[in-house]
Amino acid sequence: MTAISEPALLASLKTTFGYDHFREGQLEIVETLLRGDDAFVVMPTGAGKSLCYQLPAILSARKTIIVSPLVALIDDQVAALRQNGVAASKIHSHQSYDENANQWRRFAGPGAQLLYMSPERLMQPRMLEALKHQSVGMFVVDEAHCISKWGAAFRPEYEALSQLKMLFPEAQIAAFTATADEATRQDIVHKLSNQNCRVFVKGFDRPNLSLAVLAKEKWKERLVNLLEPKRGQSGIVYCLSRKDTDDMAAVLSAAGFTALAYHAGKDGDYRRDAQNRFMTEDGLIMVATIAFGMGIDKPDIRFVIHASLPSSMEAFYQEIGRAGRDGAPAETILFYSLQDFIKRQNMIFDGEGEGEFKLLEYKRLEALIGYCEATTCRRMSILTYFDEASTPCGNCDNCLDPPVVEDYSAKAQAIFAAIQQTGQFFGQAHILDVLKGAQNAKIRQRNHQDLACFGALADDPKAHLQSWMRQLIAMGAVRPNLARYGALEITELGAQISQGDKPFTAKKPKASSASVTSKSGGRAKNTSSLEGADDKLFQDLKALRLEIAQEKNIPAYAVFHDSALKDFATLKPQTRAQFEEINGVGPKKLDRYFEAFSQAIALYVAAHKNG
Ligand code: ADP
Ligand code: ZN
């Protein structure tokens, strides 16, 4: 349809977005859409999907409708586009009737070529009728997995979108998602497209995310220590309960961090304000339940920490995926305990739904336990689960500090003996007490001090016993029986180990498990540090950016990304030409911000000459 050469596309990339090169995969998708073909794109979060349709939409002479499920996402996208001088309209329920009418007029007239809205809005008969009189060239469906019942997040309001191909046979469809397995992919293409649809699947890997798992002991204290070198960075700490969320936010605030608690128990105004602060300010830590996160496309989230176990491998990967969308290094840590695993199990089996569904959920949880107990590369454990081939990553705790695996069959046999001799009737806490030879009421009541296994592992630290038990559960040798309040039972595999027919090899417990992330933490810290940039100047520029963003009520990153500010702080550009050299500076932003930023840099340079 519109054939544009590669150099011309690169030039448009710079003039509209200020970027010097395409990211992997982007050029091909842009070319496909400009040719007039349909496209379905599966790319991980942060890969840069938006630009793949925005650039063709801007370059084509026809109009584009972008369907997006969340108001916050629409607002951010439109704000970022406007910062780049692209006239985009948006219609949604948080705007007044008049404002929506106004936005429509801009789109229907020559004012704006792009219109963002929710699927419900689009599929209203009046809207569809009105669009028939516009020359709509392309419909973009963001979060396209929501259309499929096979996917992890079906939304009924997406289903109606399958009428688009019939209602607008002339228009192209471009659909995007970060998650869709093979069945979901086929379903999406079938529902949305009836012409040449090219499918692009870019894989799941997010190499810039470091991965680490820590045993959950004294986690509040350790979390504060872990975050110490990250002062000034934005991040999310996920907790399971509202109480933990409030407590942890208080602990962090007391330690001098800017931290907010976010959960469904807070009222709407508070939540909107908290989210807004997180999006616009720098260095804010959101301590949240999973109520927070959908629609957060802040590019510079530097860490996502799970204070307790997520519900499944899928949920975990989606939640950590919110970190490092800008491609710069970001850190993920998961605190893991047997209690949390049992809690999650209970939530599945006490929850609603069919037995079959529960079993599926349980498998997804088990996959995550496998990740937690992995003794080899954690990224490989994730990617294998998502059916993607991979090699050791060098950016997870197990790669950086490979655990030593040893034979602990004798320890396992002692644990089995304790479970057996107490009648497979007790949870891990009591089994542990028996093995340690503890003196307490429960032991005395049951006369467990008389058992042969009493005190059998008294010389081993409690943390080691817990680690062996977790690993026995992860491998399926011991199973907590939910109908009996988590009483541990020995499985077939457990019996084989117990009889010495199979060995039990496990990670050698570390002297201090804190050392697990000190390496990956150190690494992430180094790579995200300023490398030649002037830190004081960088902070000044960030402050300036925040001031501008707050005045305009737009996210800070919509002014400039961190990466551009870092380049400013390193290269200290002072002329327009020098500014324009920097990745992320296009002509519009140059016009808008050259003066303010060049002045700040000039002031800084002058002050440092004299001082
Ligand atoms: P996705 O929708 O795939 O999660 P986004 O479209 O939000 O990702 O892009 C992630 C971030 O990367 C955004 O902040 C975007 O501005 C930035 N980005 C996209 N393409 C490029 C590029 N070619 N060069 C530099 N930054 C880019
Ligand atoms: Zn690894």
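Criteria and cut-off values
Residues numbered from 1 in each chain as written. Chains lettered and ligands numbered in written order. Predicted model: local features only at pLDDT ≥ 70, side-chain atom pairs only at ≥ 80, totals over all residues. Heavy atoms only, no water. Buried < 20%, exposed > 50% of the residue type's maximum accessible area, 1.4 Å probe, protein only. Helix = DSSP H or I, 4+ residues; strand = E, 2+ residues; numbered from the N terminus. Pairing = 2+ DSSP bridges. Donors = N, O, S within 2.8 Å, 3.2 Å for Na, K, Ca; no water. Tetrahedral: all angles 85-135°; square planar, octahedral: opposite > 155°, others 65-115°. Right-handed = clockwise from strand over helix to strand, strands pointing away. Axes fitted to C-alpha atoms, helices over the stretch in contact; angles between N-to-C directions. Contact = heavy atoms within 4.5 Å. Near = heavy atom within 4 Å. Polar contact = N/O pair within 3.5 Å; in protein donor to acceptor, adjacent residues only side chain to side chain. Areas by Shrake-Rupley, 256 points an atom, 1.4 Å probe, with all protein chains shown as cover. Nonpolar A, V, L, I, M, F, W, Y, C, P; charged D, E, K, R; others polar. Phe/Tyr/Trp six-rings, centres within 6.5 Å; stacked < 30°, edge-to-face > 60°. Parallel < 35°, antiparallel > 145°, perpendicular 65-115°, else oblique. Left-handed = near helix turned anticlockwise from the far one by under 90°. Domains from an automatic or database assignment. Buried area = accessible area lost by both parts, 1.4 Å probe. Salt bridge = Lys/Arg side-chain N within 4 Å of Asp/Glu carboxyl O.

**Comments concerning the pairing of strand β6 (residues 172–177)**
One face of the sheet, then the other: side chains in a regular strand alternate in exactly this way.
Then, number 1: The element β6 is largely enclosed, with a buried count of six among its six residues.
Then, number 2: Of the two faces of β6, the one lined by Q172, A174 and F176 and the one lined by I173, A175 and T177 are each fully buried.
Then, number 3: Sheet analysis places strand β5 (residues 136–141) next to β6, joined by four bridges and oriented parallel. Along β6, the bridge assignment pairs V140 with A174.

**Some points on the coordination of the zinc ion (ligand 2)**
Then, number 1: Ligation of the zinc ion (ligand 2) by protein atoms is provided by C377 (SG), C393 (SG), C396 (SG) and C399 (SG), these donors lying 2.3 to 2.4 Å from the ion.
Then, number 2: Because the angles between the four donor atoms bound to the zinc ion (ligand 2) fall within 102 to 119°, the donor set is best described as tetrahedral.
Then, number 3: Coordination of the zinc ion (ligand 2) draws on donor residues from a single chain, spaced C-x15-C-x2-C-x2-C in sequence.
Then, number 4: By relative accessible area, which is 23% here, C399 ends up partly exposed.

**Some thoughts on the pairing of strand β4 (residues 114–117)**
Then, number 1: Residues L114 and Y116 point to one face of β4 and L115 and M117 to the other, with burial holding for every one of them.
Then, number 2: Here strand β2 (residues 63–67) pairs with β4 via four bridges, running parallel. The residue bridging T64 from the neighbouring strand is L114, located in β4.
Then, number 3: Two elements, strand β3 (residues 88–91) and β4, share four bridges in a ladder whose sense is parallel. Looking at β4, one finds that I91 is bridged to M117.
Then, number 4: Regarding the hand of the β-α-β motif, the stretch spanning β3, helix α5 (residues 97–108) and β4 is right-handed.

**Focus: the sheet that holds β5**
Then, number 1: Taken in spatial order, the seven strands make up an open sheet running β3-β4-β2-β5-β6-β1-β7, and their pairing is parallel. For this open sheet the edge positions go to β3 and β7 (197–201), each flanked by a neighbour on one side alone. Neighbour-to-neighbour, the strand axes of this sheet turn through a mean angle of 15°, independent of strand direction.
Then, number 2: Here helix α2 (residues 26–35) sits on the sheet and contacts β1 (38–42), β5, β6 and β7; the angle it forms with β7, its principal contact strand, is near 170°.

**Comments concerning unusual backbone geometry**
Then, number 1: A positive phi is found at E143, a non-glycine position, where the angle reads about 55°.
Then, number 2: Along the polypeptide, E143 turns up in the loop between β5 and α8 (156–159).
Then, number 3: A relative accessible area of 26% places E143 in the partly exposed class.
Then, number 4: A positive phi is found at N553, a non-glycine position, where the angle reads about 60°.
Then, number 5: Among the secondary structure elements, N553 is positioned in the loop between α25 (535–552) and α26 (556–559).

**So, the site of ligand 1**
Then, number 1: Close to ligand 1 lie 16 residues; Y19, G46, K49, S50 and R325 are nearest.
Then, number 2: G46 is positioned such that a nitrogen or oxygen atom in its backbone is 2.6 Å from an oxygen atom of ligand 1.
Then, number 3: Here ligand 1, which alone exposes 560 Å², has 86% of that area covered by the protein.
Then, number 4: The class makeup of the residues in the shell around ligand 1 is six nonpolar, seven polar and three charged.

**Notes on the packing of aromatic side chains**
Then, number 1: Inspection of every chain in the model, using the stated rule, returns 21 aromatic pairs.
Then, number 2: Between F316 and Y371 the ring centres are 5.0 Å apart and the planes differ by 50°, which places this aromatic pair in the tilted class. Note that F316 is positioned in helix α14 (residues 313–320) and Y371 in helix α16 (residues 355–372), a separation of 55 residues in sequence. For the residue pair F316 and Y371, the accessibility class agrees, reading buried in each case.

**So, the packing of helix α15 (residues 338–350) against α16**
Then, number 1: Closest axis-to-axis distance for the α15/α16 pair is 9 Å, and the angle between their directions is 165°. Here α15 lies roughly antiparallel to α16, going by the angle between them. Along this stretch, α15 crosses α16, giving a crossing that reads as right-handed. Residues F341, R344, Q345, I348 and F349 of α15 touch α16, and the partners they reach there are K358, E361, Y362, L365 and I369.
Then, number 2: A class-by-class count of the residues in the contact of α15 with α16 yields six nonpolar, one polar and three charged.

**Notes on the domain arrangement of the protein chain**
Then, number 1: As assigned here, the protein chain comprises domain 1 (6–201), domain 2 (209–400), domain 3 (405–507) and domain 4 (535–607).
Then, number 2: On a C-alpha basis, the centroid separation for the pair domain 2 and domain 3 is 29 Å.
Then, number 3: With 16 residues of domain 2 in contact, the opposing surface of domain 3 contributes twelve residues.
Then, number 4: Area buried by domain 2 at its contact with domain 3 is led by L338, E373 and T375, which between them contribute 43% of it.
Then, number 5: Where domain 2 meets domain 3, there are two salt bridges.
Then, number 6: Salt-bridge contacts for K507 lead to E373; the nearest nitrogen and oxygen are separated by 3.7 Å.
Then, number 7: The interface formed by domain 2 and domain 3 contains one residue pair in polar contact (both at pLDDT 80 or more).
Then, number 8: Listing elements by their share of the side of domain 2 that touches domain 3, those giving two or more residues are α15 and α16.
Then, number 9: Considering only residue class, the side of domain 2 that touches domain 3 consists of nine nonpolar, five polar and two charged.

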